[in-house]
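Each chain, written out:
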Amino acid sequence: MSAHEHDYVIRGASLVDGERTDIRIADGRIAELGTALSAAGATAIDADGLLALPGLVDLHVHLREPGFEQSETVLTGTRAAAAGGFTAVFAMANTSPVADTAGVVEQVEALGRRAGYATVRPIGAVSVGLAGERLAELGAMATSRAGVRVFSDDGHCVSDALLMRRALEYVKSFDGVIAQHAQEPRLTIGASMNESALSGELGIPGWPAVAEESIIARDVLLAEHVGSRLHICHVSTAGSVEVLRWAKARGIDVTAEVTPHHLLLTEDLVAGYDARYKVNPPLRSSEDVLALRAGLADGTIDIVATDHAPHPAEAKDCEWGAAAFGMVGLESALSVVQAAVVDSGQLDWADVARVLSYTPARIGRLSGHGVPLAVGAPANLALYDPTASRPFDVSRLAGKGTNSPYLDRTLPGSVRATFHRGYPTVLNATPLAEETVSASAEHADRAAGTRGTE
Amino acid sequence: MRHLLSTRDLSRDEAIHVLDVAENMADVATREVKKLPTLRGRTVVNLFFEDSTRTRISFEAAAKRLSADVINFSAKGSSVSKGESLKDTAQTLEAMGADGVVLRHPASGAPHVLAESGWIDAAIVNAGDGTHEHPTQALLDAFTIRRRLHGGTQRSSDGAAAHGTARGRDLDGVSVVIVGDILHSRVARSNVWLLTTLGAAVTLVAPPTLVPIGIDTWPVDVCFSLDEAIDTVRPDVVMMLRIQAERMSAAFFPNTREYGRVWGLDDARTARLAPDSMVMHPGPMNRGLEISAAAADSARSTVLEQVANGVSVRMAVLYLLLAGQGEGL
Ligand SMILES: [Zn+2]
């Protein structure tokens, strides 16, 4: 075996600033950039016409393990992530058991490390059992091997103002952030679509924008009062963008995310009662979609995060009322972002790198990801073909869930390859076999001198 | 018509056609033999995921008068998590060879899902879905209004039929006030679309808490005061909706006493109605709450006609969905 067995030379890719370059990957890092690099001893990859993006970072995914392995596992969820060009994901805490102790977050982190498709950073629950009553062991999770920095009761709002205040204060000691699922619970009892003329007509209990906006308004004021860092999950309304714009102008340390689906889809899709469009927060009006795009373009919204929420088929193959909330989003995220805000000219590819890589890594205090592709940087990157436009079908899905709202919709772009810590997880637009990837991960661990997982 | 899912989808001509066929069906009810052989050999399943004896027996009577085989399938309490799913039930009925499925379901849109799922080939009749629609109720209400205004078929003692002038008519110029829990009422929704399609002017009266957001896009007027609506609209029809006392606990209104005082059709309000106006109620009534006993039992009340007309209208719907195209009566 040659010493360069694990080296790659990517030929003719374009960086996000438009510069065309070859990329040599060796020892888990970007070893060389430039033209006409020698591929001696390395595997050459033709990237002519492809965009080289820093490995994408998703601050909001549901990997379902432990507890809901029929929906997704850490392995299948991170394989979906790799298929979408992601090299790091933050896994939400609403598992069973809930990720509210050091033991559970360490387990999730280790499962990710072993699978190798992407770096998994667990998100810790804010409250014990997501019950919204007592603080979970935030400090223990922060100092665990999982190194938790993001805490969220996602799926539930931390609606108790005092608990929210205490959580915001408490995580300051280890530079943590509270990621709020902003949903005033009393205003949204039984609600499953945007409250609007359409919800009144369809007879579906409405989820009013004010239920989101009022919590965001409260929480930015709380964050200001105690001088803490706050992150708002899946912002979905024009009013929320306004509140965030005001808070940022005031200097409040708040960040916010928007999902790809809230950038592209509107509530009209619910009219046929197709449960694939049932998601929380719900799809909103076209005015909201336009405000979210504008907010992302002007920096009011910091990042795009998928809220990847896989479900077994039967959870969607039923009447609207009985169906589960959520959509899978990892595999389609980049294409949807391109369709919603890049092709319209609101974001360029450097902005995409910012909202889907640099900033989410910074919010999550994740090192080794979310840095520009430069010599010496960890080789986390994706090769993306922005020209191909074709129907999105199940063959593009690499996780367990098929609850994608984009099936049979034509979307631009396709992720051709993904490199995680210097080894490929996706080549020829296809995720590599799990044995191959886990072996690569083990090799990378040994090479990096870190202890491989048991 | 392949399915009857909502009155929103019905054109004026289609709606009038259903009402006209229902007139023919009402004629059958006055014959000595109240049965037609039309649906012999066809199977109609009453699939009820929610209790409603009234609606079920009305559909059952309608199907039987058309000589269909009727299967009553009560699946109350079923859901994906506990017990059989809508999909499993539908596939079972498909395997049993159901030609028509009359579906009552607590989830809005369940009949749409059933009709579009591919799980079952049968014609689907929405018999009330969540807080969405109850199209046959609206059709029987429209039928009842039209008959009262224009006369149905009268039969003299020698059995000769004397047709009234209802056939072919719409409801142009008729003013209808619908009072009650609009937000949660599938009867109100179906009536709004159907009655306005037929040309009626509809005014909705409710406490503001029970009016859906976005009502300004509906083809109706909204009024928060029943007194004002009675005095300014001078309605031809007052339709009272059943109010559920448990709405109190969700703070929609303070208590039933206050609701009845402000939005109930009491004797004084009934007395102010025009002499030939109608008082309608889809049943079951809360006497003394949304409607006084005197109003419910007065000559204005159409409550019992609505029940009788319900069978005729449901016969018409089953006939139009299940009998071969172009078959006459
Ligand atoms: Zn959430």
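Residues numbered from 1 in each chain as written. Chains lettered and ligands numbered in written order. Predicted model: local features only at pLDDT ≥ 70, side-chain atom pairs only at ≥ 80, totals over all residues. Heavy atoms only, no water.

Moving on, we get to the nonpolar core. Counting residues in each nonpolar core, the largest one holds 114 residues, and the members touching the most others are Phe151, Val235, Leu296, Leu334 and Leu356 of chain A together with Val101 and Leu114 of chain B. At 7 residues, the largest contribution of residues to this core is made by helix 10 (residues 333-342) of chain A. When near neighbours in sequence (up to four residues on either side) are disregarded, Leu114 of chain B contacts Leu86, Ala90, Val101, Leu103, Trp119, Ile120 and Ile124 of chain B. By size, the runner-up hydrophobic cluster in this structure holds 88 residues, among which are Val202, Val205, Ala229 and Ala316 of chain B. (Core = buried A, V, L, I, M, F, W, Y, C linked by side-chain atoms within 4.5 Å. Buried < 20%, exposed > 50% of the residue type's maximum accessible area, 1.4 Å probe, protein only. Helix = DSSP H or I, 4+ residues; strand = E, 2+ residues; numbered from the N terminus. Contact = heavy atoms within 4.5 Å.)

Time to look at the coordination of the zinc ion. Listed as protein donors to the zinc ion are Asp154 of chain A (OD), His181 of chain A (ND1) and His234 of chain A (NE2); their distances from the metal cover 1.9 to 2.2 Å. Using a relative accessible area of 2% as the deciding quantity, one classes His181 of chain A as buried. (Donors = N, O, S within 2.8 Å, 3.2 Å for Na, K, Ca; no water.)

All names here are of chain B. For the structure shown, the criterion picks out 8 aromatic pairs over all chains. Measuring from ring centre to ring centre gives 5.5 Å for Trp193 and Trp218, while their planes differ by 50°; the resulting arrangement is tilted. Of this pair, Trp193 sits in helix 6 (residues 186-197) while Trp218 is found in the loop between strand 8 (201-205) and strand 9 (221-223), placing the two residues 25 residues apart along the sequence. As far as burial versus exposure is concerned, Trp193 and Trp218 are alike and both buried. (Phe/Tyr/Trp six-rings, centres within 6.5 Å; stacked < 30°, edge-to-face > 60°.)

Residues and elements named next belong to chain A. Along its 12 residues, helix 7 (residues 238-249) runs 17 Å from first to last C-alpha, staying within 8% of the 16 Å computed at 1.5 Å per residue. Taken together, the buried residues of helix 7 touch helix 6 (209-226), strand 13 (230-232), strand 14 (254-258) and helix 9 (286-297). Just beyond helix 7, the residue with positive phi is Gly251, at close to 90°. (Expected span 1.5 Å × (residues − 1).)

Below, the discussion takes up the pattern of salt bridges. Residues and elements named next belong to chain A. Inspection of every chain in the model, using the stated rule, returns 39 salt bridges over all chains. Arg165 is the partner of Glu169 in a salt bridge, and the nearest nitrogen-oxygen pair spans 3.3 Å. Note that Glu169 and Arg165 are positioned in helix 4 (residues 161-170) at a spacing of 4 residues, about one turn of the helix. The class for Glu169 is partly exposed, based on a relative accessible area of 26%. (Salt bridge = Lys/Arg side-chain N within 4 Å of Asp/Glu carboxyl O.)

We now examine the interface of chain A and chain B. Listed per partner, the contact involves 17 residues of chain A and 22 residues of chain B. Taken together, both faces of the contact between chain A and chain B bury some 1,500 Å²; the carbon and sulfur share is 58%. Per-residue buried area on chain A facing chain B is highest for Glu201, Tyr273 and Glu319 of chain A; these three make up 39% of the total on that side. On the surface where chain A and chain B come into contact, there are 2 salt bridges. The shortest N-O distance in the salt bridge between Glu201 of chain A and Arg8 of chain B comes to 2.3 Å. In this assembly, chain A and chain B are joined by 7 residue pairs in polar contact (both at pLDDT 80 or more). Split by residue class, the side of chain A that touches chain B holds 7 nonpolar, 5 polar and 5 charged. (Buried area = accessible area lost by both parts, 1.4 Å probe. Polar contact = N/O pair within 3.5 Å; in protein donor to acceptor, adjacent residues only side chain to side chain. Nonpolar A, V, L, I, M, F, W, Y, C, P; charged D, E, K, R; others polar.)

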